[in-house]
Structures are given as C-alpha cells and as structure tokens.
Amino acid sequence: MVAEDDVDIRTLLNTALESWGYDVLSVAQGDEALSAIRELLPDIALLDINMPGLSGPMVIEGMRRDHATKDIPAMLITAETAGPKAQSGLAAGADDYVRKPFHLGELKERVLGLTARGRDLRDLTSLQQAVSLPDAIRSLNGVQAVGVDRPVPGALAGGDFMAVTASPGGQVTAIVGDVEGHGMEAASLAAFARAVLATNAAFTDQPGLLLSLANWTLAQRDHGSEGPRMVTATVVVIDPRSLRVRWASAGQQPPLFFTDADQPASASGLPLGVEAQSYFPMNEKPMAPGERVLLFTDGLMRAALGSSDVTESVLPHVIAASEGLPLADVLDSIVEAFHAPDDTSQQDDLGLLLLEAPSAL
C-alpha cells in the first residue's frame, strides 16, 4: 500500500516495489489509504507524512486502533530525519521512516525486513491458534480434562502441545508432547505433531501403536542441515466404562496417578522422529472412580524447585495439599508451587494436562 500525493514519487515507488515482487495499490490521500488498508490487509503501508485528508501519522493511528490492521508494518515517507513531524509519526506507531530523496537500495532493504517481520507475526498468530488449548482440551465421555500451556518467558512461541480426543469404542485419548527448542519453528513442529497424533487417535485406541504411527510420519520429514528436532510425547487412553487406563511414552515422563502411593513401573520408547522404526511399550492399570492422572512435559522438571526426582519428592506433597479441589485449582496449585510470581524460575516451556476418570461405572 502506497499513499503519496506527489505523483512522481508515487510512480517511482510503484515501479520499485513491483520490481521487487510486490503487488501495489497506490492512492494520493490518507483517508483512501486507511480504507484500502482495512479492506486489503497489505503486507506493508508506505505513507507520506503530509498528504490531503489524513496525514501519515493519522493513518497509522487508525491502523493501530483496529485489531485487523494493528500489526501491519507502516513506514513513513518524510523530508525530515527528525523534528516534530517525524517524532509524531513514530509516536503514532510507525515502524520506520525514510527520508526524501531516498536511496532505492536502502528502501528495498527496509521494506523487505518489515514485510518479513509482518509475515512472521501473522504466521505466529496462526501457530498459536493451532496449538491453543480451548480447541485442544475438552472433557469427553465422562472423562474431565483441564490443561495449562505456558511458553518459557521471552519466547515468541513454545514447543509444548496437548490434546484430548475420542478414540474407537468410546475411549478417550489424551496427548502431551514437547518439541525441542522454542520459537516459530518449534511451534510449527508442535502443531504438526499434535495434528498427526490426534488424527490417528480416531483410528486406534492403542497408545503404543499411535506413537509408532506418529514416529514414522515425523521420521519422513525433511529436517534440514541441523538434523531432526527431538519430539517427546506421552499418550494415555482411558476406557470410561471399564475404568482401565493404558499409556505409552516416547522419551517423556510417564503419567502421574494421584491415588497410587507407589507409582506403577513404566517403560518408555525413544523420542519421536529420530528412527523410522521404534517400539513404544504399552503400560496398563485399573483406575479408581474419580481418580486423577497428570501428564506433564519436562518444563516441570526444570523448575526452580524441581529436581530429578520431582515426581517423588515434590509433586506428591502438592497433590496431597490439593485434595478435593477442582481440576483447574489443582493445576494452579502445581504451577504456583514450582514457579515464582515473576516467572524467573521457569526455565522451559510448561505443559500440564490433568484428567479425572468418571466417578462411577
């Protein structure tokens, strides 16, 4: 989007942007620009600081007030490098400005940088929606579920993922996983891994087989020069009629059952996507009516108060103190026990999923 009342500068900008691969819409007035920006949602807006109707800073103020356009990069075109007008543009929310007469090489570098950042923000929003808890965590067939997903402080996105979905025969499958690293690449792989596991859960109620199918799919991906990112996961399948629970893990901690003084022995397989063929042993036990089980990523193990034996030395005390609380309050108490209010103790993404079996057969 170009808004410039000088026809020669407007023509120069149009020609340059088109040569760099952009589709360009240009107007001469600020009100026309704001209307077009709201309708077309361009990758970037180049705005003259002084033009008929709305000025460049006024257009930017309108963009920043609108949820749909608030993150679109905006660059001011000005005859000033400083002074009140340039400062007002930056105060209005401009991302950058370029001085007339401008050097096309410098302009190209700035435009490409801003549009790449804008696309990254939109991609990140899509990824965050893809791994968001409201759609992923739900109570099914009498099995209650609540979850917490907190990226490490300072990260644009996290690599943890989780889901609760229906499996054949009325069974309920819960999935919690962790992708190595943080940021958009980790979040993208987390969304993909969750989609693979949740989709295949519709066809099998065997947790070990489900991990094997996901492992084969992840092993086929093009990992690039740095090799595969480690993906760990735990899958729990609850039969709400018989109150039998089965689970399998891929390089991740086993589920923690609240009513067992001695946690059942649990075997695990390798992380997902490392080897095309891998075995994930299945574990099984009966559940008591209303029994609760916690699935968690290793972010809990790396908390400030955590240790290698966190499931033996810390969590049981937190669980005992939270007896009788609603599921959401139990998760809150676990988070509070392991993390300082300012989040300085959180060293990794934190994913927690708490399930409760039906209270009666």
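Structure first, text after, so check above.
Fair warning: this is a prediction, and the values are worked out from it, not measured in the lab. (Residues numbered from 1 in each chain as written. Predicted model: local features only at pLDDT ≥ 70, side-chain atom pairs only at ≥ 80, totals over all residues. Heavy atoms only, no water.)

Visitor: What exactly am I supposed to notice about the pairing of strand β9 (residues 231-239) here?
Guide: Looking down a regular strand, the side chains alternate between one sheet face and the other. Here β9 lies mainly inside the structure; nine of its nine residues are buried. Residue alternation in β9 divides its side chains into two sets, Val 231, Ala 233, Val 235, Val 237 and Asp 239 and Thr 232, Thr 234, Val 236 and Ile 238, and both sets are buried. Two strands pair when backbone bridges link them, and strand β8 (residues 171-179) and β9 are joined in this way by eight bridges, in the antiparallel orientation. Following the sheet pairing, Asp 178 is matched in β9 by Thr 232. Where β9 meets strand β10 (residues 244-250), seven bridges bridge the pair, whose relative direction is antiparallel. Each bridged residue has a counterpart across the sheet, and for Val 237 the counterpart in β10 is Arg 246. Between the antiparallel neighbours β9 and β10 lie four residues, among them Leu 243 with a positive phi of about 55 degrees. (Buried < 20%, exposed > 50% of the residue type's maximum accessible area, 1.4 Å probe, protein only. Helix = DSSP H or I, 4+ residues; strand = E, 2+ residues; numbered from the N terminus. Pairing = 2+ DSSP bridges.)

Visitor: I'm lost on the sheet that holds strand β12 (residues 283-286) in this one. Help?
Guide: Sheets are built from strands paired through backbone hydrogen bonds, the pairs being either parallel or antiparallel. The strand order across the open sheet formed by five strands is β7-β8-β9-β10-β12, and the pairing between neighbours is antiparallel. Of all the strands in the sheet, the pair left with one neighbour each is β7 (160-167) and β12. Neighbour-to-neighbour, the strand axes of this sheet turn through a mean angle of 15 degrees, independent of strand direction. Taken strand by strand, helix α8 (residues 207-219) contacts β8, β9 and β10, and its axis lies near 25 degrees from that of β10. (Axes fitted to C-alpha atoms, helices over the stretch in contact; angles between N-to-C directions. Contact = heavy atoms within 4.5 Å.)

Visitor: I tried to follow the environment of Leu 90 on my own but got confused; where do I start?
Guide: Take Leu 90: it is sitting in helix α4 (residues 84-92). Under the relative-accessibility criterion, Leu 90 is labelled partly exposed at 40%. Between the C-alpha atom of Leu 90 and that of Pro 57, which follows or precedes it by 33 residues, the distance is 7.9 Å.

Visitor: Which parts of the structure should I look at to understand the sheet that holds strand β14 (residues 350-356)?
Guide: Spatially, the four strands line up as an open sheet ordered β6-β14-β13-β11, and their pairing is antiparallel. The open sheet is flanked by β6 (144-150) and β11 (256-257), the only strands paired with a single partner. By the bridge criterion, two bridges tie β11 to strand β13 (residues 292-296) in an arrangement that is antiparallel. Residue pairing in the sheet places Phe 257 in a bridge with Val 293 of β13.

Visitor: What is the right way to look at unusual backbone geometry in this model?
Guide: Leaving glycine aside, a negative phi is the common case for residues, and trans is the common case for peptide bonds. Positioned with a positive phi, Leu 41 is a non-glycine residue whose angle comes to about 50 degrees. For Leu 41, the position within the fold is in the loop between α2 (30-40) and β3 (45-48). Residue Leu 41 is classed as partly exposed on the basis of its relative accessible area, which comes to 42%. Of note in this structure, Asn 141 is not a glycine but carries a positive phi near 50 degrees. Classification of Asn 141 as partly exposed rests on a relative accessible area of 43%.

Visitor: Explain the nonpolar core to me, please; I cannot follow it from the model alone.
Guide: In globular proteins that are soluble, nonpolar side chains generally tend to be buried together. One finds Phe 161, Val 179, Leu 197, Leu 211, Val 231, Val 235 and Leu 272 to be the most contacted residues of the largest nonpolar core, which totals 22 residues. Counting only elements with at least two residues in this core, the list comes to β8, α7 (183-200), α8, β9 and β10. Ranked by residues supplied to this core, first place goes to α7 with six residues. Discounting residues that sit within four places of it in the chain, Val 231 has contacts with Phe 161, Asp 178, Val 179, Leu 189, Ala 193, Leu 218, Ala 250, Pro 271 and Leu 272. (Core = buried A, V, L, I, M, F, W, Y, C linked by side-chain atoms within 4.5 Å.)

Visitor: It is not clear to me how the environment of Val 237 should be interpreted in this structure. Could you clarify?
Guide: The residue Val 237 is located in strand β9 in this model. Assessed through its relative accessible area of 2%, Val 237 is described here as buried. Taking the C-alpha atoms as reference points, Val 237 and Val 172, 65 residues apart in sequence, are found 5.5 Å from one another. Those residues in contact with Val 237, other than ones at most four positions away along the chain, are Gln 171, Val 172, Thr 173, Asp 205, Pro 207, Arg 244, Val 245 and Arg 246.

Visitor: Would you explain the packing of α2 against helix α3 (residues 56-65) in this entry?
Guide: The description of two helices packed together rests on the angle between their axes and the distance between the axes. α3 packs onto α2 with a crossing angle of 25 degrees between their chain directions and a minimal axis gap of 9 Å. In terms of their interaxial angle, α2 and α3 are classed as roughly parallel. Classified by chirality, the crossing of α3 by α2 is right-handed. From α2, Gly 30, Leu 34, Ile 37 and Arg 38 reach across to α3, where they touch Val 59, Gly 62 and Met 63. (Parallel < 35°, antiparallel > 145°, perpendicular 65-115°, else oblique. Left-handed = near helix turned anticlockwise from the far one by under 90°.)

Visitor: What am I meant to see in the pairing of β12 here?
Guide: In β12, alternate side chains face the same way, and those of Asn 283 and Lys 285 are buried while those of Glu 284 and Pro 286 on the opposite face are not. Of the pairings in the sheet, the one linking β10 to β12 comprises four bridges and is antiparallel in character. By the bridge assignment, Val 245 is partnered in β12 with Lys 285.

Visitor: Would you mind showing me how to read the pattern of salt bridges here?
Guide: A side chain with one charge may pair with a side chain of the opposite charge, provided their charged atoms come close. This model, assessed by the stated rule, comprises nine salt bridges. One salt bridge connects Arg 64 with Asp 95, and the closest N-O pair in it is separated by 3.0 Å. Here Asp 95 lies in the loop between α4 and β5 (96-99) and Arg 64 lies in helix α3, a separation of 31 residues in the sequence. The residue Glu 284 makes a salt bridge to Arg 244 at a minimum N-O spacing of 3.5 Å. Linking Glu 284 in strand β12 with Arg 244 in strand β10, this pair joins segments that are 40 residues apart in sequence. Residue classification places Glu 284 among the partly exposed positions, given a relative accessible area of 43%. (Salt bridge = Lys/Arg side-chain N within 4 Å of Asp/Glu carboxyl O.)

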